[in-house]
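Coordinates in review
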Amino acid sequence: MTRTLIENGHVATVDATGTEHTAGHVVLDGGEIVAVGAGRAPEHLRAGADVVDATGCLVTPGLVNTHHHLYQWLTRGYAQDSILFDWLTALYPLWSRIDADLTSTGAAGAMAVLARSGCTTVGDHHYVFPQGSGDIVGGIVEAASRVGLRLHATRGSMDLGASQGGLPPDFAVETTDAALAASAEAVERYHDASRDAMVRVAIAPCSPFSVTADLLREAATLARSLDVRLHTHASETAEEDAYCLEHFGTSPTQYLEDQGWLGPDVWMAHCVHLDAPAIERYAATGTGVAHCPSSNGRLAAGIAPVRALLDAGVAVGLGVDGAASNESGQLGVEIRESVLMNRLRTGADSMSVRDGLRAATMGGARVLGRGDEIGSLEVGKLADVAVWQVDGVEHAGILDPVAALGLGALPPLKRLYVAGRAVVEDATLTTTDERKLAHEVTLASRELAERL
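Calculation criteria
Residues numbered from 1 in each chain as written. Predicted model: local features only at pLDDT ≥ 70, side-chain atom pairs only at ≥ 80, totals over all residues. Heavy atoms only, no water. Helix = DSSP H or I, 4+ residues; strand = E, 2+ residues; numbered from the N terminus. Rg over C-alpha atoms; globule rule 2.2 N^0.38 Å. Buried < 20%, exposed > 50% of the residue type's maximum accessible area, 1.4 Å probe, protein only. Phe/Tyr/Trp six-rings, centres within 6.5 Å; stacked < 30°, edge-to-face > 60°. 1 Å grid on protein atoms, 1.4 Å probe; cavity = no way out; pocket = protein on both sides within 12 Å on 5 of 7 lines; lining within 4 Å. Points joined across faces, edges and corners; volume = space filled by probe spheres on them. Nonpolar A, V, L, I, M, F, W, Y, C, P; charged D, E, K, R; others polar. Core = buried A, V, L, I, M, F, W, Y, C linked by side-chain atoms within 4.5 Å. Contact = heavy atoms within 4.5 Å. Pairing = 2+ DSSP bridges. Axes fitted to C-alpha atoms, helices over the stretch in contact; angles between N-to-C directions. Parallel < 35°, antiparallel > 145°, perpendicular 65-115°, else oblique. Left-handed = near helix turned anticlockwise from the far one by under 90°. Expected span 1.5 Å × (residues − 1).

Some remarks on the overall build of the protein chain
Counting its secondary structure elements, the protein chain contains 14 helices and 19 strands. Computed over the C-alpha atoms, the radius of gyration of the protein chain is 21 Å, within 12% of the 22 Å expected from 2.2 N^0.38 for a compact globule of 452 residues. Judged by the C-alpha coordinates and their principal axes, the protein chain covers about 65 × 45 × 40 Å. Within the protein chain, buried positions represent 61% of all 452 residues.

Next up, the structure:
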């Protein structure tokens with residue numbers, strides 16, 4: 001692999017002390033970062049290197065997406081004015097017609113957009129597995145390889161259909177035993193525990209209103225026996241709070257903790273409606289949070305208490321969430337959304353642009369259990385790096401390059417590196433034909449709609 005030397009850019013390392021270099025360098029070699037610092041790169045690293053002049057650029061760690069539903073790229077634009085429960089009810093019949101081939105196409109389209117918005121690691125939550133749909137997790141893994149991103153695929157599940165008091169229709173759910181067996185198989189086939197893994201797998205029953213307590217408990221036991229992480233939705237809406245109170249007599253946080261679902265190997269999506277005692281439990285147990293501001297706004301779910309979570313020491317990352325509840329699909333945009341929405345909740349000085357960048361990078365790495373590997377620009381970490389062009393007409397003259405990313409329009413990428421490989425060059429994917437992929441997505445969306 002060619003050594004890559006990035007220099008003359010504003011380097012925001014997002015290390016523990018927030019080190020920045022106004023004209024710095026980052027050197028990549030063998031899939032790792034081998035040098036970071038101010039000024040010109042060391043001479044002994046220059047020979048034979050591919051030199052990227054980052055003048056006019058902001059250099060950051062690659063962004064980490066902690067929650068997504070990639071298959072939903074094929075169902076954007078539906079139920080545009082609905083709250084979560086109504087939106088789900090409208091879309092379940094369509095999603096229940098999905099298969100591995102359609103999922104792979106949708107996932108590739110969604111990941112192409114993620115890459116073009118600075119994302120190098122994708123956490124996906126897939127929980128709809130119709131009978132006869134093929135190897136859906138394998139299709140997502142294939143799509144990640146096609147685009148060139150790191151993937152944290154979570155094998156989701158639902159076993160609580162409408163006839164048992166759940167939200168999804170009966171035809172969209174699995175049995176408890178089938179879901180557990182398929183989850184174990186996905187881990188065995190695709191999980192890579194190595195430090196530089198491109199694919200890891202977690203186990204992820206969907207939500208308190210779509211799975212049984214048996215599935216939650218047994219999934220937690222299974223994941224810990226296989227040494228993989230756990231993921232689910234939690235406290236997303238007021239309606240979910242009401243559901244848990246009616247059906248379980250408690251809050252979502254207490255219910256999940258009762259099933260063994262708080263801990264340092266767990267991360268929850270959304271967490272909009274956490275009260276102070278719940279935040280204390282998340283902090284005490286090391287449970288992580290995927291904050292999805294655009295989707296929460298789209299579905300009018302509310303604004304997560306991010307400042308309180310961060311102050312308590314909870315690991316908070318950013319997520320795009322389902323492409324059908326965030327039709328943009330750009331992770332870079334979520335930095336700005338998180339900053340603005342949390343200022344609306346807790347004040348103008350409560351969420352800085354660097355807080356937003358940290359959530360999108362090191363925060364997300366911690367949430368996925370990879371804080372020692374990705375999320376910051378430090379020697380020995382994996383070579384996942386974003387180089388943002390901030391001297392174009394949208395940002396020329398801006399006082400602070402980090403504000404260009406955290407408050408301004410999303411800058412184009414000069415380069416995006418994953419494991420030292422350039423996945424994006426000059427705002428264009430290098431790994432797949434964007435026009436061809438767009439055509440494939442159009443056909444797949446049409447085919448899925450016609451299956452209703």
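Still to come is the rest of the account.
A few points about the packing of aromatic side chains
The geometry of an aromatic ring pair is captured by the separation of the ring centres together with the interplanar angle, meaning the angle of the planes. Per the counting criterion, the structure on display carries eight aromatic pairs. On the numbers, 6.3 Å between centres and 90° between planes, the contact of Tyr 71 with Tyr 127 is edge-to-face. Placement of the pair is Tyr 71 in the loop between β7 (68-69) and α1 (84-95) and Tyr 127 in the loop between β8 (119-126) and α3 (136-147), with a sequence separation of 56 residues. Under the relative-accessibility criterion, Tyr 71 is labelled buried at 1%. Residues Tyr 92 and Trp 95 carry aromatic rings whose centres are separated by 5.8 Å and whose planes lie at 90° to one another, so their mutual orientation is edge-to-face.

A closer look at empty space enclosed by the protein
The tally for this structure, following the rule as stated, stands at one cavity of 30 Å³ or more. Here the largest cavity defines a volume of roughly 110 Å³. Residue contributions to the lining of the largest cavity peak at four residues, all from α1. Considering only residue class, the lining of the largest cavity consists of seven nonpolar, five polar and two charged.

Quick notes on the nonpolar core
Counting residues in each nonpolar core, the largest one holds 113 residues, and the members touching the most others are Trp 95 and Met 111. No other element matches helix α2 (residues 100-116), which puts nine residues into this core. The residues touching Met 111, leaving out its near neighbours within four places in the chain, are Leu 70, Val 122, Ile 140, Ala 143, Ala 144, Val 147 and Leu 149.

Looking at the side chain of Ser 445
Looking at the secondary structure, you find Ser 445 in helix α14 (residues 434-450). Taking the relative accessible area as the measure of exposure, Ser 445 reaches 18% and is therefore buried. Excluding its chain neighbours within four sequence positions, the residues that come into contact with Ser 445 are Trp 73 and Leu 74.

Considerations on the environment of Ala 283
One can find Ala 283 in helix α8 (residues 276-285). Taking the C-alpha atoms as reference, Ala 283 lies 21 Å from Val 64; in sequence the two are 219 residues apart. Those residues within four positions of Ala 283 in sequence are excluded, and the remaining contacts are Ala 312 and Val 314.

Some thoughts on the pairing of strand β1 (residues 4-12)
Of all the nine residues making up β1, eight are buried; the element is thus mostly covered by neighbouring parts of the structure. Pairing of β1 with strand β2 (residues 20-29) involves seven bridges; the strand directions are antiparallel. Its bridge partner being in β2, Glu 7 is matched across the sheet by His 25. Strand direction decides the pairing type here: β1 and strand β5 (residues 57-61), joined by two bridges, are parallel. Bridge pairing in β5 places Val 11 opposite Val 59.

Quick word on the environment of Asp 192
If you trace the backbone, Asp 192 turns up in the loop between α4 (176-190) and β10 (199-205). With sequence-adjacent residues up to four places away left out, Asp 192 is seen in contact with Ala 197, Val 199 and Arg 200.

What to know about the packing of helix α11 (residues 331-346) against helix α12 (residues 353-367)
Interhelical geometry of α11 versus α12 gives an angle of 130° and a closest axis separation of 9 Å. The angle between α11 and α12 falls in the class oblique. The hand of the α11/α12 crossing is right-handed. Contacts between α11 and α12 involve Ile 335, Ser 338, Val 339 and Arg 343 from the first element and Val 353, Gly 356, Leu 357 and Ala 360 from the second. For the contact of α11 with α12, a count of residues per class yields five nonpolar, two polar and one charged.

Remarks on helix α5 (residues 213-226)
Between the first and last C-alpha of α5 there are 20 Å, a value that for 14 residues agrees with the 20 Å anticipated at 1.5 Å per step. Along its buried surface, α5 packs onto β9 (150-157), α4, β10, β11 (230-234) and α7 (252-258). Directly beyond the C-terminal end of α5, a positive phi value near 60° is found at Asp 227.

A look at the packing of α4 against α5
As a packed pair, α4 and α5 sit with axes 10 Å apart at the nearest point and diverge in direction by 20°. As summarised for this structure, α4 and α5 are arranged roughly parallel, according to the angle between their axes. In terms of crossing hand, the pair formed by α4 and α5 is right-handed. Contacts from Thr 176, Ala 179, Leu 180, Ser 183, Ala 184 and Val 187 of α4 reach α5 at Leu 215, Glu 218, Ala 219, Leu 222 and Leu 226. Looking at the contact of α4 with α5 residue by residue, the class counts come to eight nonpolar, two polar and one charged.

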